[in-house]
Every structure is written in C-alpha cells, then in structure tokens.
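Descriptive analysis of the structure
The primary structure of each chain is shown beneath.
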2 protein chains.
Amino acid sequence: MAKINSISGFPEFLPNDQIIFNKTLELIKNYFEKSGFMPLDTPAVERITTLTAKGIESHEIYGIYRLAGNEGDNKKDLALRFDLTVPLARYVAQHYDKLIFPYRRYHIAPVWRGERAQAGRYRQFYQCDIDVIGDGELSIIHDAELPVIIFQIFKALNIGKFTIRINNRNILRGLLFSLNLESGEIIKEVLRIIDKIEKISTNNFKSELIKLGLSEKKIEFLLEFINKKLSNSEWINYLKTPKVNEEFSKGVDELEQVIGYMRILGIEEEYFAIDPTIARGLDYYTGTIYETRLEEYPELGSICSGGRYANLAENFTNKELPGVGLSIGISRLIPKLIEVGILENKVSTVAPVIITTQNQNRIKGYLEIASLLRTADIYTEIYLQPKNLAAQMKYAGKKGFLLAVIADELELDENRVVIRNLLTGIQVSTSKSNLVENIKNMLKEMQVKN
Amino acid sequence: MAKINSISGFPEFLPNDQIIFNKTLELIKNYFEKSGFMPLDTPAVERITTLTAKGIESHEIYGIYRLAGNEGDNKKDLALRFDLTVPLARYVAQHYDKLIFPYRRYHIAPVWRGERAQAGRYRQFYQCDIDVIGDGELSIIHDAELPVIIFQIFKALNIGKFTIRINNRNILRGLLFSLNLESGEIIKEVLRIIDKIEKISTNNFKSELIKLGLSEKKIEFLLEFINKKLSNSEWINYLKTPKVNEEFSKGVDELEQVIGYMRILGIEEEYFAIDPTIARGLDYYTGTIYETRLEEYPELGSICSGGRYANLAENFTNKELPGVGLSIGISRLIPKLIEVGILENKVSTVAPVIITTQNQNRIKGYLEIASLLRTADIYTEIYLQPKNLAAQMKYAGKKGFLLAVIADELELDENRVVIRNLLTGIQVSTSKSNLVENIKNMLKEMQVKN
C-alpha cells in the first residue's frame, strides 16, 4: 500500500475552505469581467527558452520530462510556468495578428516555483492577474482603471482596512539622477534598498547606501524624502514644487493624472496612498507602480502588486507593447483571511437544501421532490443511504445545510412534506405544490441573515 | 529574441473561443453544484509513488525536476497527475477523518500525459469529473443520479442528439463465466475485445476470440447477444429471462434498478440506451458502466464515461470506499462543437457595452458614465485611446459589443448620451439619469434575440 503524506509547498483545502476559496475567485473574476476584461488560459507548460528569455534564475523553474520516455522528449525543452506574465508576453507576441488592441485580459491560474520549501512559501500557488496591453501606445487612464477594480474587489471581500500604495518609477529615478547616480547598476541597487526600507533599520539603510558610494548628505536627503508623512494631495503639492529634472517632473505629472482618474472612477481617498518607498525591485516597470497592504496584517506583505511597463514582449517581438497590470497573490491571502476569521465558511455544502429519505420503499417520492427543487434551480442534495432519520439529521448538521425536507409515508401519500429550518429547528408543513415557493422564501430570509 | 512556436499537444484558445470554453465549464459546474456536489482542487503535482500505485504505465507520466536544483529535490519524487481519479483516491484516503460521507465532489482541472503528440491527442487537457464516495456502502441510486446530471448538462449545452449508453460489468462477467471462461486474465482480454467491437470487423472480432481459445459456438452466442437491437424495456425483459448465473442476475437486477431511478429523476427515454457492447477496459469498474456518444459525431468516441467501483482507494487505505463517477472529456468536445458551429461565439468581449470617448478633454464625464454602469452591474468597457469616433466604432464592431454609448461635449454638458444598438445601427438619445434603465432594457431585448 502506497504511503501518503503531504508534499510540502503543495497545499490543498478541505471542502469547506475550498468552497470559500472558489467563491473568492468567483467574486474576483466577476469584477474583472465587469470592467470588460476577457479570460485567458494558457497551458501550464512553456518552452524553457521562453521562460528564461528574460534571464530568470533557472533554479526556480520546474522542468518536466517523461518518466520513461525514449522518443522525442528532450529533457531540456519544457517546463512549468513560474508566473503568468511571461506566458502573457509569449501569447500576445504569438497571436498578435489575431488580437484586438488594447488587449484586456485576466488570468486566474496556478504557477509553480522550485523553491526550497518553508512555512508560508508555496511551490504551487494561484495568481490572479489583470493587464491591459496597447499596440504602440496605451492611455495612462488604464493606470487608474486597474487599482479601482482592486479597490472594488477588496471592499466587496470585506477584508478590513487596506491601502493601495502608489508611486511612479520616474520620480525615484529622477531623484537618483539628481544625486548624480547615473549608472543604471547603482540606481537598480539603490531602488532595491529603498524597496526594503520597512524591513531594515535606518542604520542598515544608511550603511548599505554608503557601501554603494553615496555621501551622507545624499542619504539624508533621500531619507527625509522617503520618511515624509503626507496626505495624497500634500504629496502632489510637495512633489510639484522642486524642478528636480525632466524625469522627476514626468513622474509627478503621471502620478497626479493617475490619482485624478482614480478619484473620478470612485475609489475612496482613504484606500490609496502615495508612497515613495515602494520601488518594486524589477526593472521591468517604467512608470506607475503599486503595492497593497492589509493594514491589520502587515506580515502578509503586499497582497496585490504591479505597475506600468513600456514593453511587455520585447524578448519575443519587435512590436512595442506597453501595458499596465496588477496581480493578486491569492494563495497566501485567503488562508490568512480564513485563519483570522474574516473569511468564514462553516458549511461543507454548496447546496442549502437536503432531502431526507425516511422510507427506502418510497424512494420514488423523494427523488421526485429532488427533481422538483433542482428544476426550480434550488441547489439540493438528496440523502440516499439506508439510515434512520436521526443519522440523516446528524449528517445534515455536520455538513451545514440550511433546510431539510422531511416526509414519511403518510405525508408522501398526501403530497405533503415538512420543511425544517436547521438553524432554528422550526418546522413547517407544506403541500408539494407550494414547496418550491416556500423553500425559495425561506432561503431568501435565511441567507440574508447569514 | 526568443523564437515562438506552438508546443504540440498543449493547445490554447484565442479570446472568443476561450469565452465559450469558460462559459461551458461554468454551466457544467452549476449543474454539478445544483445536485449538491462540492468543489475539489488538488495540486497538479503528486508523488510518483502515488501515481504509479496502481501499476499505471510510467511512460505516460511527466515527472518534474528543478532545472538547476541542487538541494532536496529528488528527480524521482514528483510528477504531474495524469487523471483526476488517482488524486481523488489519495485525497480521500489522506483526509478520511475530516470528510463527511457520502463524499460528493466534482473536479474540473487539467491533467497531463506524456503522449506522443498527434492530431487530436493532447498532452494537457481538461477533465470534468464528478464522483460520490461512500464509507463502506453506497446506495445504487447514485448510479442513476450521475447520468441524470450529465443528461441535464448536455441538454442545456444544446449539442444535438446524444446517447448515454449504460451497461453492467456483472452481466458481461456472468455471461463469460457461463462460457466457462473462468480465468480473470482471459475475461479481461475478452472484455477488451468486446469494448472495441465497433472499431473492428466481425471477422477480426471472431479471430481474436479464437486466439483466446473460445469455441465458434461460444463466439456466435456472444455475437448474437451483443448485436441485438432492443429498446431499454426489451433489453431488461430479454436479460431477465435466462437464469445464467448469480453474477449475471445481479448485474441485470442492478441495471433494472438504475434505469428505473433514472426515469424517476426525469431523464428522457431516448437519451439513454442499454448497450451490452460497452465494457470499459479498466478492471477498476465493478458494476454500472457508462459511455456517451454524440450521435452526429461518432468520431469523437465517448465524450463522457465512467462507472461504479467497489473500492476507490485500496492502494492507499484499508477502508472500503465504494463509489461511482463520471468524467466529461471537455478538451476534445468543445473544439469539435466550435468547429461544427454548435457552440458559437463571434464576440471577443465578455462585456456587452462600450463607452466611446470622443473628446479627451472631457474624459471625466466618460469615466463617470463607466462608473455608473459598472455600479449597476452592467459589464462595460471604456475606450481610452485618443482615436477618432470612427476608429472607436471599428474597434467596437470587431470585438462584438452590443451597445455603444456615445456623447460629444454638448451632450455631456446637458447630461445626455446616445445609445447605439450595434446590431441594427439604431440610436436613441437618453438623459444620464435614465441611462442605466434604458441600457438594461435594451440588453434584455437584444440578448433574448441573440
């Protein structure tokens, strides 16, 4: 007999948590589609040359090979995707002629990373990505459209106070140019250090920058800038005053526009914040950048990040394809929300109604009731094991049904049933012809209260 | 620049076909849930020892390894699942104590097979599985519940005439015992040959059985049995007459019961047929077996197969877990239905409404309209590139929107907009305060016609 034990880094849910997880993905999907984003689903597998085109470190990639293959399957050929952005770039480049731009897609799917297994780090996890890609150009208003959708989703999920933090790479870059840091390598390093400012002490921050050759004065200037506590409007005013250089001004101008559009699109002021400390390590981003924090659970880090990029698919095509995208890291977020009780599902059923079967000889009658309810779109399970009513009610309680339909022989003969409210224990008797309507009304009332 | 070409056996859709594919999966999911089945999602990856526990041929399995791993990742350890049944068996055995039985789950997800690539054979494809697992016992009524759900799904998909063919392994086995074929190996071989009777000539059928040592007389008997053309009721009568042996009678009795319950649950008689030629090669099945044919596209083979098994997880646990399951092979079915025009989606949008933006200086006004519609749950895209109206209408036509909202400066000043029906070209002018209601009414009317 094969031994079973969990594979670390490849988590799975029990039914009740799976139901929550799916409901959450469903809600996210609906908000993506409501703004006109289309579904995309690419194979889990890409060519290794595709995945490593951007110089990604290959030790994070899972290659695939046939266990006992001996024809045609080169072990150096195929691998599992480690994110949804490289597949998007490959897809857009490959199907460029058949896509309509701006191309708006969302993609909700697992990705795989050959990480060393450790707590909270998954080797398979879901990403929820949303991007708009332009052909040669892309209006900056899309930079506002995406965080607004994220705002709506997190509000609807009712996950407590969150902040979408927003910045612009050009501001940071302009600032660093103004400090005479002109080498791309050094700027990348400084951005990396700024990005982790919340995780390290001020002294460490300073000493890391000194190692890069920055003067004390320049470091103080940076620190003052980064540590300011200002409202969104104060930030814009503060940033507009100094004419640092063209790049800086471009960044400030873009940021001001994006924030203006976010307000028009209805995002509430307290849910977004200009934050010059976010830099997003990847040099992939070229304009707006985002990170999102759950204020009560800072240990989760950013639960939704992304930004504007000048060229999605430069490794695959000569076309210039600017875009902007955001990605929700759902696999860490949802278990955390379940753990702290924000997302809660005590039921192990997607159907609210169970039909009990007291008399196995009258199974025809019970099956007819099941057909009746299902035809009326009432999600219904029917209990079919030959057990007594007490055992069936115990099963109903454990799974968390809201209503039980109960009928003995006499009731079936009279075309009547009893409906028991499983939360209150109150029972009502009804004719079969009124059953659907009664159940619909009772469910409506109960689910509002739930 | 990395070259891109498709990887054979790993297909992907363009947006309009992806929209159809997702809609179809959504419909299937809803019917599964309507009968009280719960979602399951296991990781794509299982231990190789788990996947090969039943002696599956390993050349079909894709192992995974870290491209540049040097710690802890044994290349002989992990692999991609090749079906959803082995993960189900592992899951139920592993979480046995936390599951509530009968355990009803559905699982819609991709599987991977290291096949030699060839036309119509995929190396990644989706399965839609539905199973009920009992703890020690499982009512035979579930054998009727599953094909009824499949019937409802295929009727709702409007895919033309299909037949759910049903048989019972005990009938076939009893018959073969009665021919004094008692060795399990020979019976397995005979079942395999019966299973492919539609693909081979009668002469080949005979000669293959002769090779196994069957007499001409026995073969004629089998052929007569298999080639009978009877209605469902005639079959039951015919099968009930001879008292072949206990196993045969058990099979006939089960078949009669299952068919009786299917009728009560509302499956129409013309959509299912007793068919003694289906044998399902796998010796995994122990009772009811199903196959489903699209009558107009027999070349697709069975699009939905499954059956009853005595013990789901015997390789992983000592518990006896009988079950019954069905699996829809969606990855071959949907492209075929698209190809022949049964499933059709000429649109590349999930949103029916587009807001055009004639005057970039008045973008605030257009964004407010977008917010208005989205808040009212009207799926809406807003066109944001600085192009003239003609270009925007061309975009709207290509993507297949139903309604376009159009407003120039004057109209925005007066809080009015024009709604253009993109199918008829007819335009109506409306105040902003009536916009939501008007659009809802127009969509209702258009989508009924669509």
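This text goes with the structure placed above it.
This text gives an overview of the structure that appears in the document. (Residues numbered from 1 in each chain as written. Chains lettered and ligands numbered in written order. Predicted model: local features only at pLDDT ≥ 70, side-chain atom pairs only at ≥ 80, totals over all residues. Heavy atoms only, no water.)

Things to note about the pairing of strand 14 (residues 403–406) of chain B
Residue and element names in this part refer to chain B. Residue alternation in strand 14 divides its side chains into two sets, L403 and V405 and A404 and I406, and both sets are buried. Of the pairings in the sheet, the one linking strand 12 (residues 353–355) to strand 14 comprises 3 bridges and is parallel in character. Opposite I354, over in strand 14, you have A404 as the bridge partner. (Buried < 20%, exposed > 50% of the residue type's maximum accessible area, 1.4 Å probe, protein only. Helix = DSSP H or I, 4+ residues; strand = E, 2+ residues; numbered from the N terminus. Pairing = 2+ DSSP bridges.)

Section: the packing of aromatic side chains
The description of two aromatic rings rests on the distance between their centres and on the angle between their planes. Residues and elements named next belong to chain A. A full pass over the atoms with the stated rule returns 34 aromatic pairs over all chains. Seen from their ring centres, F21 and Y126 are 5.4 Å apart, and the 70° between their planes marks the pair as edge-to-face. Linking F21 in helix 1 (residues 15–34) with Y126 in strand 6 (residues 124–133), this pair joins segments that are 105 residues apart in sequence. Taken as a pair, F21 and Y126 share a single burial class, namely buried. Ring centres 4.8 Å apart and planes at 40° place the aromatic pair F162 and Y271 in the tilted group. Of the two residues, F162 is situated in strand 7 (residues 162–168) and Y271 in the loop between helix 10 (246–264) and strand 8 (272–274); the sequence distance between them amounts to 109 residues. Y271 shares its class with F162; the two are buried. Residue placement shows K161 over the ring face of Y271; its charged tip is 5.3 Å from the ring centre. (Phe/Tyr/Trp six-rings, centres within 6.5 Å; stacked < 30°, edge-to-face > 60°. Lys NZ or Arg CZ within 6 Å of the ring centre and 35° of its normal.)

A few points about the relation of the copies chain B and chain A
Between chain B and chain A, the superposition needs a rotation of 180° and an axial shift of 0.0 Å, giving an RMSD of 0.0 Å. Seen this way, the second copy is the image of the first under a two-fold rotation axis. In terms of proximity to the rotation axis, the leading residue of chain B is I64(B), whose C-alpha is 2.2 Å off the axis. Both copies share a contact surface, since 100% of the interface residues of chain B are interface residues in chain A too. (Least-squares fit on C-alpha atoms with pLDDT ≥ 70 in both. Contact = heavy atoms within 4.5 Å.)

Things to note about helix 4 (residues 142–157) of chain B
Residue and element names in this part refer to chain B. With 16 residues, helix 4 extends 23 Å between its outermost C-alpha atoms, agreeing within 8% with the 22 Å of an ideal straight helix rising 1.5 Å per residue. Counting buried positions along helix 4 gives 13 out of 16 residues, so the element sits mostly inside the fold. Taken from the residues just after helix 4, N158 is the one with a positive phi, measuring 60°. (Expected span 1.5 Å × (residues − 1).)

Some points on the side chain of T356(A)
Residue and element names in this part refer to chain A. Mapped onto the elements, T356 comes out in the loop between strand 12 (353–355) and helix 12 (363–375). At a separation of 2.9 Å, a polar atom in the side chain of T356 contacts the main-chain carbonyl oxygen of V405. Excluding its chain neighbours within four sequence positions, the residues that come into contact with T356 are Y366, L389, Q392, M393, V405 and I406. (Polar contact = N/O pair within 3.5 Å; in protein donor to acceptor, adjacent residues only side chain to side chain.)

Some thoughts on the environment of V418(B)
Residues and elements named next belong to chain B. Topologically, V418 is positioned in strand 15 (residues 416–421). Along the chain, V418 and S431 lie 13 residues apart, while their C-alpha atoms are 8.7 Å from each other. Setting aside anything within four residues of it in sequence, one finds V418 in contact with A404, V405, I406, E411, Q427, V428 and S429.

Concerning unusual backbone geometry
All names here are of chain A. Cis geometry marks the peptide bond from F101 to P102, where omega comes out at -5°. Relative to the elements of secondary structure, P102 occurs in the loop between helix 3 (85–94) and strand 5 (103–112). Although it is not a glycine, N158 adopts a positive phi angle of roughly 60°. The topology assignment puts N158 in the loop between helix 4 (142–157) and strand 7.

Topic: the interface of chain B and chain A
Counting from both sides, the interface comprises 108 residues of chain B and, opposite them, 108 residues of chain A. Note on chain B versus chain A: buried area summed over both sides is about 9,800 Å², and carbon and sulfur give 60% of it. Summed over the three residues of chain B that lose the most area to chain A, namely I4(B), E12(B) and K34(B), the buried surface amounts to 7% of that side. Linking chain B with chain A are 10 salt bridges, by the criterion used here. For E26(A), the salt bridge identified is with K29(B), shortest N-O distance 3.5 Å. The tally of links between chain B and chain A comes to 42 residue pairs in polar contact (both at pLDDT 80 or more). For the side of chain B that touches chain A, the element with the most residues is helix 1 (residues 15–34) of chain B, which contributes 9 residues. Here the side of chain B that touches chain A is built from residues that sort into 53 nonpolar, 26 polar and 29 charged. Sheet topology places strand 3 (residues 62–66) of chain A next to strand 3 (residues 62–66) of chain B; 5 bridges connect them, and they run antiparallel. (Buried area = accessible area lost by both parts, 1.4 Å probe. Salt bridge = Lys/Arg side-chain N within 4 Å of Asp/Glu carboxyl O. Nonpolar A, V, L, I, M, F, W, Y, C, P; charged D, E, K, R; others polar.)

Here's the deal with the sheet that holds strand 10 (residues 304–309) of chain B
Residue and element names in this part refer to chain B. Across the sheet, which stays open at both edges, the 8 strands sit in the order 1-5-6-11-10-9-7-8 with mixed pairing between neighbours. The two strands at the open ends of the sheet, each matched to only one other strand, are strand 1 (38–39) and strand 8 (272–274). Of the pairings in the sheet, the one linking strand 6 (residues 124–133) to strand 11 (residues 323–328) comprises 6 bridges and is antiparallel in character. Note that in strand 11 the partner of I130 across the bridge is L326. Set on the sheet, helix 10 (residues 246–264) makes contact with strand 7 (162–168), strand 8 and strand 9 (285–294); between it and strand 7 the angle comes to about 145°. (Axes fitted to C-alpha atoms, helices over the stretch in contact; angles between N-to-C directions.)

Some words on the pattern of salt bridges
All names here are of chain A. Taken as a whole, this structure holds 60 salt bridges over all chains when the rule is applied. Among the ionic pairs, R47 bridges to D77, the shortest N-O distance being 3.7 Å. In this pair, R47 is assigned in strand 2 (residues 45–47) and D77 in the loop between strand 3 and strand 4 (78–80), connecting sequence segments 30 residues apart. Close ionic contact of D131 with R105 constitutes a salt bridge, the shortest N to O distance being 3.0 Å. Taken together, the residues span a long stretch of sequence, with D131 in strand 6 and R105 in strand 5 at a distance of 26 residues. Residue D131 shares its accessibility class with R105, and that shared class is buried.

Here we look at the sheet that holds strand 13 (residues 380–382) of chain A
All names here are of chain A. In spatial order, the strands read 13-12-14-15-16; together these 5 strands make up an open sheet with mixed pairing. A strand with exactly one partner marks an edge of an open sheet, and here the two such strands are strand 13 and strand 16 (427–431). The average undirected angle you get between the axes of adjacent strands in this sheet is 25°. The pairing of strand 15 (residues 416–421) with strand 16 spans 5 bridges and is classified as antiparallel. Bridging across to strand 16, I419 finds its partner in V428. With respect to the sheet, helix 13 (residues 389–399) is in contact with strand 12, strand 13, strand 14 (403–406) and strand 15, its orientation differing from that of strand 14 by roughly 160°.

Quick look at the nonpolar core
One finds F32(A), F154(A), I328(A), I330(A) and I439(B) to be the most contacted residues of the largest nonpolar core, which totals 106 residues. Element by element, the count of residues in this core is highest for helix 4 of chain A, at 9 residues. Among the nonpolar cores identified, the runner-up in size contains 105 residues, and I363(A), I20(B), I150(B) and L265(B) belong to it. (Core = buried A, V, L, I, M, F, W, Y, C linked by side-chain atoms within 4.5 Å.)

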